[in-house]
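# Remarks on the overall topology
These are the residues of each chain, in order.
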Amino acid sequence: MKKNFKFLLVSLLAVFGLGSVSAAPLALNDAFNNDDYYFVVKTISGTTGTAYITKVNSSKTGAILLPSSVTISHEGQTYTFSVTGIADATDATNAAFKSQMTLSAVTIPSSYEHIGAYAFYSCSDLATITFQLNSKLKTIGNEAFATTQVTEYDFTNCTMLTGLPERAFTENGDTKLNSYITKITLPTSTAFKTVSTSLAKLPELTPANLNIKDTKITDVVANAFTKSDKLTALELPGTVKTIAESAFAGSKVADLTINVDGLGYETATGILGNVYPTADKAVLTKLTLKGTLKGVIHGNAFLDNSAIADGNLDLSDLNFGTHAAIEANAFGGLDLIKTITLGDIADNGSGVYTIQSNAFNGDLLATVNIGNITANNAIGGHAFDDGTSTTLTAVKIESIISGGTAIADAAFNFAAITTAAEASVEIGTVKATDLANVRSCYASVVMQYVEDGNAHTATAAVQQKVENWQTADSSANYTLQGLGDSGTVSITVPSATSGNYSVAITSDGSISVTAG
């Protein structure tokens, strides 16, 4: 027979003459039970409402389906409650399914919105948890699934789930690992925002068995993948807005791909400093950034990740949009990288350079390739060196159509070369109205070349030629070439060691050179 706690209390008081208590209808937070479970009222209107399970009232064994509704009689009234969750426990000793050692499988009804802290703690034989289709599950408490033997979690049906808490699958403590879990399928809905550190300390989870790239998470927190030792490769989706400092501390993620489309778009944070802290620098061997950056890659973000080999830094599909910036030393100390290839640079609208001083530097960096520049303040001074040393010898830019100063003086530092023949600068299509900008670009390149302390009269002459470029047709586009052999502007200016030249671009696209 189903009974209510309040009814029992009233009866006992009456029997033992301890006072009179008026019977009352069920109310919010009242407790009641049936033969299987204890419940607590979460909402009530008249004789209907919602309730959470607080604990079991009888031993559970084998596979069970949790109740989606419960009906009880109280004071002559029949109440019907939709069961919408499992209540939080204050600690493991009060777990809702405490010591249900022979429970092997649980199906969570679609009506459940919450699975409380410690819900299935110590269910040592529990191997399967299934969420029904159209699940309304929104939140899960810490250690809800800790100390079970579940190997795979599929949250596909949980389209309203907002995230996973830091200890969804593990106990508190640095040494508490969950070695049973081999696969987790996360929701791909927009409601699911964060995995917190829930994926940390899962040493058997592999890249093939985690679909994080298909999710719409927005934040990667510090220590997100600590001690998940088989998670060696990871791709983050374009919805991620912030990657915290030390996000990959203690991880084994060696191959990292980040779609940057969402980075910093609302928060202006983007990728923070030292996502791999000092002790873990050698872990990262391959880095790919792709998409259109609308936030900031902060200074030191990948500083001294020197295990990234040449060819394993892929930025070729990294483009730059509004609010985009790469700060000083964001990619500093990458001493094995010889070539950096970037995508297009659009105006960031902030008035600061997109590629800032010292953003990239390394002992072997020789070649920089950049897509189409349509930005003012695209590349700052010494953007590809540390300001004191350089190995740069070649720069190629697809086009410059900015209408302003796209490239700062000393943007490309050629100070290490000893002859003009060692330097190569190529700029593709340039709108004729931007020739002043092109002159500035070339002048800065050449001026850096002569900063090596040696007198290069041929280069000084080329510098003067660059400054004298002019056009007769302000509406045309032209293809221009940079420094070539013997310190000349390739194919247009004859070899020379001194003298000034004027360069004119005519309406038919030809280039004429006049000495004197």
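Note on numbering: residues in each chain are counted from 1, in written sequence order. With pLDDT at 70 or above as the cut-off, local features in this predicted model cover only qualifying residues; side-chain atom pairs require 80 or more to be listed or tallied, and sums for whole chains, interfaces and linings still use all residues. Based on all heavy atoms of the structure, the side-chain values leave hydrogens and waters out of the count.

## Side note on the overall build of the protein chain
Put simply, the rule reads: A run of H or I in DSSP counts as a helix once it spans at least four residues, and a run of E counts as a strand once it spans at least two, with each numbered from the N terminus. Each residue's exposure class comes from its accessible area (1.4 Å probe, protein chains only) as a fraction of the maximum for that residue type: buried when under 20%, exposed when over 50%, partly exposed otherwise. Here, residues are in contact when the closest pair of their heavy atoms is within 4.5 Å. Only the protein chains shown count as cover for residues, with accessible areas throughout obtained via the Shrake-Rupley method and a probe of 1.4 Å.
Along its length, the protein chain carries 3 helices and 34 strands. Among the 516 residues that make up the protein chain, the fraction classed as buried is 49%. Intrachain contacts of the protein chain at a sequence separation of at least 6 include 71% that bridge at least 24 residues. Split by element, the accessible area of the protein chain, about 20,700 Å² in all, is 50% carbon and sulfur.

## Focus: the environment of Ala-375
Assignment of secondary structure puts Ala-375 in the loop between strand S28 (367-374) and strand S29 (394-400). Put simply, Ala-375 and Asn-348 are 27 residues apart on the chain and 7.2 Å apart in space, counted from C-alpha to C-alpha. In contact with Ala-375, not counting residues within four places along its chain, are Ile-345, Ala-346, Asp-347, Ser-402 and Ala-406.

## Considerations on the sheet that holds strand S10 (residues 128-131)
Hydrogen bonding along the main chain pairs the strands of a sheet, whether they run parallel or antiparallel. The line we're drawing: Pairing between two strands requires that DSSP report at least two bridges joining them. Interaxial angle, 0 to 180 degrees, is taken between N-to-C directions of lines fitted to C-alpha atoms, where a helix line uses only the stretch in contact.
Spatial ordering of the open sheet is given by S5-S8-S10, a layout of 3 strands whose pairing is parallel. The sheet is open, and its two edges are formed by strand S5 (62-65) and S10, each paired on a single side. Put simply, the sheet's adjacent strands are angled 15 degrees from each other on average, direction ignored.

## Considering the pattern of salt bridges
Here is the rule we go by: The term salt bridge refers to a side-chain nitrogen of Lys or Arg lying within 4 Å of a carboxyl oxygen of Asp or Glu.
Tallied over the full model, the rule gives 6 salt bridges. Glu-204 serves as the salt-bridge partner of Lys-230, at 2.7 Å between the closest nitrogen and oxygen. With Lys-230 in the loop between strand S14 (219-220) and strand S15 (233-236) and Glu-204 in the loop between strand S13 (183-185) and S14, this pair connects stretches of sequence that are 26 residues apart.

## Brief notes about the nonpolar core
Heads up, the rule is: Here the nonpolar core consists of buried residues drawn from Ala, Val, Leu, Ile, Met, Phe, Trp, Tyr and Cys, with membership extended through side-chain atoms lying within 4.5 Å.
Grouped together as the largest cluster of nonpolar side chains are 112 residues, with contacts concentrated most on Phe-120 and Ile-379. When residues in this core are grouped by element, the largest group, 4 residues, is from strand S7 (residues 77-86). Not counting residues within four places of it along the chain, the set of residues in contact with Ile-379 comprises Ile-345, Tyr-353, Ile-355, Ile-370, Ile-373, Phe-384, Ala-406, Ile-407, Ala-408, Ala-411 and Phe-412. Ala-89, Ala-117, Tyr-118 and Ala-146 belong to the second-largest nonpolar core, a separate cluster that totals 6 residues.

## Digging into the confidence of the model for the protein chain
To keep things clear, this is the line we draw: Per-residue confidence from the prediction method is given by pLDDT, with values spanning 0 to 100.
For the protein chain, per-residue confidence averages 81 on the pLDDT scale, and 75% of positions sit at 70 or higher. Here residues 1-22 is modelled with pLDDT under 50, and outside its nearest four sequence neighbours on either side it reaches 26 contacts, counting other chains as well. Below a pLDDT of 50 lies the segment residues 439-511, which in the model reaches 163 contacts outside its immediate sequence neighbourhood of four places, other chains included.

## So, the side chain of His-114
Quick note on the threshold: What qualifies as a polar contact is a pair of N or O atoms within 3.5 Å, subject to a donor-acceptor requirement within protein and to the restriction that residues adjacent in sequence count only when both atoms come from side chains.
As for its placement among the helices and strands, His-114 is situated in strand S9 (residues 114-115). Since its relative accessible area comes to 11%, His-114 is described here as buried. Separated by 3.1 Å, the side chains of His-114 and Asp-88 make a polar contact. His-114 has contacts with Tyr-52, Thr-84, Gly-85, Ile-86, Asp-88, Leu-137, Thr-139, Ile-140 and Gly-141, leaving out every residue within four places of it along the chain.

## What to know about the pairing of strand S17 (residues 255-259)
Counted residue by residue, S17 has 4 buried out of 5 residues, so it is predominantly covered. Note: S17 against strand S19 (residues 286-293), 5 bridges, orientation parallel. The residue of S19 that forms the bridge with Thr-257 is Thr-288.

## Considerations on the packing of aromatic side chains
Rules: Pairs were defined over the aromatic rings of Phe, Tyr and Trp, the Trp ring being its six-membered one, requiring ring centres within 6.5 Å. Orientation was assigned from the angle between planes: stacked under 30 degrees, edge-to-face over 60, tilted for the rest. A ring has a charge above it when a Lys NZ or an Arg CZ is no more than 6 Å from the ring centre and no more than 35 degrees off the ring normal.
According to the stated counting rule, one finds 18 aromatic pairs in the structure shown. For the ring pair Phe-120 and Phe-145, a centre distance of 6.3 Å and an interplane angle of 10 degrees mean the geometry is stacked. Here Phe-120 is found in the loop between S9 and S10, whereas its partner Phe-145 is found in the loop between strand S11 (139-140) and strand S12 (152-154), with 25 residues between them in sequence. Centroid distance Phe-360 to Phe-384: 5.5 Å. Interplanar angle 15 degrees. Geometry classified as stacked. Of this pair, Phe-360 sits in strand S27 (residues 360-361) while Phe-384 sits in the loop between S28 and S29; the two residues are 24 residues apart in sequence, bridging distant segments of the chain. Of the two residues examined, Phe-360 and Phe-384, each falls in the buried class. One aromatic cluster is present, built from ring pairs that chain together Phe-32, Tyr-37, Phe-39, Tyr-79, Phe-81, Phe-97, Phe-120, Phe-131, Phe-145, Tyr-153, Phe-155 and Phe-169. The positively charged end of Lys-60 is found above the aromatic ring belonging to Tyr-37, 4.6 Å away from the centroid.

## Notes on the side chain of Ser-189
Note that Ser-189 resides in the loop between S13 and S14. On the basis of relative accessible area, Ser-189 is assigned to the buried category, the value being 16%. A distance of 2.8 Å separates a polar atom in the side chain of Ser-189 from the backbone oxygen of Thr-159. With residues near it in sequence (within four places) discarded, Ser-189 still touches Cys-158, Thr-159 and Lys-216.

## Things to note about unusual backbone geometry
Even without being glycine, Tyr-118 reaches a positive phi, approximately 65 degrees. Among the secondary structure elements, Tyr-118 is positioned in the loop between S9 and S10. Phi at Ser-246 takes a positive value of approximately 65 degrees, unusual for a residue other than glycine. Among the structural elements, Ser-246 can be located in the loop between strand S16 (242-243) and S17.

## Points about the pairing of S28
Bridge count between strand S25 (residues 339-341) and S28: 3 bridges; the pairing is parallel. In the sheet register, Ile-340 faces S28, and the bridge partner there is Val-368. Taken together, the 2 bridges between strand S26 (residues 345-346) and S28 define a ladder with parallel strand orientation. Each bridged residue has a counterpart across the sheet, and for Ala-346 the counterpart in S28 is Thr-374. As judged from the 6 bridges shared by S28 and S29, these two strands associate in the parallel manner. The partner of Ile-370 across the bridge, within S29, is Ile-397.

## A look at the environment of Asn-29
Mapped onto the secondary structure, Asn-29 falls in the loop between helix H1 (5-15) and strand S2 (31-33). Taking relative accessible area as the criterion, Asn-29 reaches 54% and is therefore assigned exposed. Placed 15 residues apart in sequence, Asn-29 and Ile-44 show a C-alpha to C-alpha distance of 9.5 Å. If sequence neighbours within four positions are ignored, Asn-29 has contacts with Val-40 and Val-41.

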